[in-house]
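Here's the letter readout for the chains.
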Amino acid sequence: MDVTRDNFRQTLPLVKQAIKEASFIAIDGEFTGLSNGSFNTTAYDSPPQRYLKLHSNTHNFLLIQFGMCAFRWSDESQKYKAEAFNFYIFPLKSTVSGVPDRIFSCQSSSLDFLTKQGFDFNKAFKNGIPYLRPNEEATVRATLEEKQTFRENAFRSPVKRKNNSNNSSPVSTDSPTSAADQKAKEFVETAKQKVQKFLEDANQEEELILESCNSYFRKLLFESLPLAFPDQVLVESRTNEHTKLRHIVVVKGASSNIKKARQELTKAREEAELEDAIGFSKVISCLSESGKLVVGHNMFLDVIYTIQQFVHPLPNDLEEFKSLVSCVFPKVLDTKLMGSMLPFKDQLQSTALGDMHNRLKLPPFNPVGIETPGKYNIGTNDEHNHLHEAAYDAFITGSSFLSMVNFLSSFQSTSNPIISFSSLCNLVSPYVNKIFLMRSHDIPYLNISGTDLTPSRDHVFHVQFPASWRSNDIRQLFAPVGQINISWIDETHCLVGLYNKVQAKNVKNLVKSGTVEPGLYCIQSYDDYQAEPQHWLPTSQRNMVWRSNSTSNSVVNTPTRAKPALSFTSGLGQTSITPPTADVSTPLYRKRQGSFANRETTNGSLKDCDENDVEPLVKRQKSQENCTEDLPETHVKQDEAEVGEVSNVAASSGLFVVPDQWE
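Not measured: the values here are computed from a predicted model.

A. Expanded view of helix α6 (residues 182-200). Between its first and last C-alpha atoms α6 spans 27 Å; for 19 residues at 1.5 Å apiece the expected length is 27 Å, and the two agree. For α6, the secondary structure elements touched by its buried residues are β7 (207-209), α7 (215-228), β8 (233-239) and β9 (246-252).

B. View of the pattern of salt bridges. In total, this model carries 19 salt bridges according to the counting rule given. A salt bridge links R72 to E21; its shortest N-O distance comes to 3.4 Å. With a gap of 51 residues between them, R72 in strand β3 (residues 63-74) and E21 in helix α1 (residues 8-21) connect regions that are remote in the sequence. Classification of E21 as partly exposed rests on a relative accessible area of 36%. The salt bridge partner of K116 is D112, with a shortest N-O separation of 3.2 Å.

C. Region of interest: the confidence of the model for the chain. Within the chain, residue pLDDT values average 77, and 71% of them lie at 70 or more. Within the model, the stretch residues 544-655 combines pLDDT values under 50 with 199 contacts to residues more than four positions away or in other chains.

D. Summary view of the packing of aromatic side chains. Going through the model one piece at a time under the given rule, you end up with 27 aromatic pairs. Relative to Y305, the ring of F31 lies with its centre 4.0 Å away and its plane at 10°, an arrangement referred to as stacked. On the criterion of sequence distance, the pair formed by F31 in strand β2 (residues 24-31) and Y305 in helix α10 (residues 300-310) is long-range, its members being 274 residues apart. With respect to class, F31 is no different from Y305; both count as buried.

E. Structural view of the sheet that holds β7. Pairing within the open sheet is antiparallel, and its three strands lie in the order β7-β9-β8. If you trace the sheet from one side to the other, it starts and ends with β7 and β8, each paired once. Averaged over all neighbouring strand pairs, the angle between strand axes comes to 25°, with direction disregarded. Where β7 and β9 come together, three bridges link them in antiparallel fashion. Bridged to E207 within β9 is V251. Seen against the sheet, α7 touches β8 and β9 and runs at an angle of roughly 165° to β8.

F. Representation of the packing of α10 against helix α11 (residues 318-328). Where α10 contacts α11, the axes come no closer than 11 Å and their chain directions differ by 80°. Comparing the axis directions of α10 and α11 gives the class roughly perpendicular. Where α10 approaches α11, its residues F300, V303, I304 and I307 are matched on the opposing element by F321, L324 and V325. Grouping the constituent residues of the contact of α10 with α11 by class yields seven nonpolar, no polar and no charged.

Calculation notes
- Residues numbered from 1 in each chain as written.
- Predicted model: local features only at pLDDT ≥ 70, side-chain atom pairs only at ≥ 80, totals over all residues.
- Heavy atoms only, no water.
- Helix = DSSP H or I, 4+ residues; strand = E, 2+ residues; numbered from the N terminus.
- Expected span 1.5 Å × (residues − 1).
- Contact = heavy atoms within 4.5 Å.
- Salt bridge = Lys/Arg side-chain N within 4 Å of Asp/Glu carboxyl O.
- Buried < 20%, exposed > 50% of the residue type's maximum accessible area, 1.4 Å probe, protein only.
- pLDDT = per-residue confidence, 0-100.
- Phe/Tyr/Trp six-rings, centres within 6.5 Å; stacked < 30°, edge-to-face > 60°.
- Pairing = 2+ DSSP bridges.
- Axes fitted to C-alpha atoms, helices over the stretch in contact; angles between N-to-C directions.
- Parallel < 35°, antiparallel > 145°, perpendicular 65-115°, else oblique.
- Nonpolar A, V, L, I, M, F, W, Y, C, P; charged D, E, K, R; others polar.

This is the structure:
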């Protein structure tokens, strides 16, 4: 069901009822952008680093479509009933004083993606549901209540009104403002004639709406009309909902009863406008208060956008963020993390949402029955036409979750073919409050309710090199120590992880070999790199710091740090390397020299380069290479075997365990 500003007020009770009756709730979001390029994420980010990078990369973008699907178990039909809501969200400018006029960013690739998926931008931008964070709501409400109280206590004539907000408050004055020029005088006289005709005509309506005018003219009318027609009219200011223009409204009668009635009517209208401005935040509040399990797929960004847009600005500290998430969503579960672990890992070739959903319909999985009744049915046929619509993605996320839960129940000796979710929820407790970390090589999840994994990074090294280097150049450099994983930071820096961790102690020999021009590259241990303040800076600022530290008379763009060039620092100490001999005919150097120094270009692209060599041309947009790229199958299997997942089967709440150690 599509929900916009036009039908939000009528639909909200249905949404609240669906949340109240739900066994669990699945969510999904669509955004105006994913990254502003401030930071590049790497495969070896620590959890605080990854959070800070995502926080910095996303804070100016908007969540413009929120999908929610409530799944409710029916004892009568022995099936689940799903109610899906597709909310279009946009911060439309409100007529309520104090509501922020928001500024946001868009990323062209994200908008292009949504366009190709058939996203209705007109529905979002024209009829999107507004929102206010709780602190913004409190500020606006306090301002409104102060204005209403002042208006009730200070209403008398003649008056002078403050015109900086709708239905502004009156303040007494000794003399009215005089019209400063002939145009203003003519405007006031014309208005008086219209009001006079309005009062004399018995067939006229109870109120007269004058033409829109600027604040100075409104001020003149507020003061002159009550004086010209004492005890006959009330003068108000009102904003047209469609044109957003402000008008002076003249109401017949000035008795105390009429004044009181009009004040109550104005107060009710202002309260309704404030409730409309709060908008979608009411859904998040209701979802939070329910305490229900919230299920998502690769949901880190969904959680980040939801909290920063509808709840509270994101803190800079990861632990504060975890506390905030726990307050808003006490129980969250990520189906991508479930699909990435045993017993599902061996059955799923892909954990992409659409692929995973289709695979979970087939043996050995046993999908549960789901009813999608009435007008809330978003449809389950022709899936490709619905993918990446937030409500549909939420629906198939919940459906996939139920299939996985049903599969876990098959390992219990007392399992039933179809049983209620409440009797199965203990099976998923190991996955609760663990959010999948995308493209993280050795920390697969963020632990919202506990301590994050801290794997050893002794086999990971930071490398600085000329901008002309490509993937193959780095692989050749590390060839003596075996296969590597390259995670790009920017065009001159990357992190390199060894698949054979035992070889870490031999990395220092790479800079002793004397096969490369002196000062050409620098290798650092991961711990030393983390200790430097530069790696916390945004990409552009970090490059400026490194460039400012480089020498001006180097033959090549040699990166120079506080440590000597061509240095390697490890836990074993610091080693300085003597420059190689002048003979540059070494095969390794000659090959590398041809790969980055004497390479010809055609139309701005490299010529005679293989796919792996060309790929890093877009290093600024690329966060890392595929972890299994160009790796023999034996290395991939060895790496997977090192993941300490527990797959022992028992009919208990500890049926499957998310490991606390991930090596």
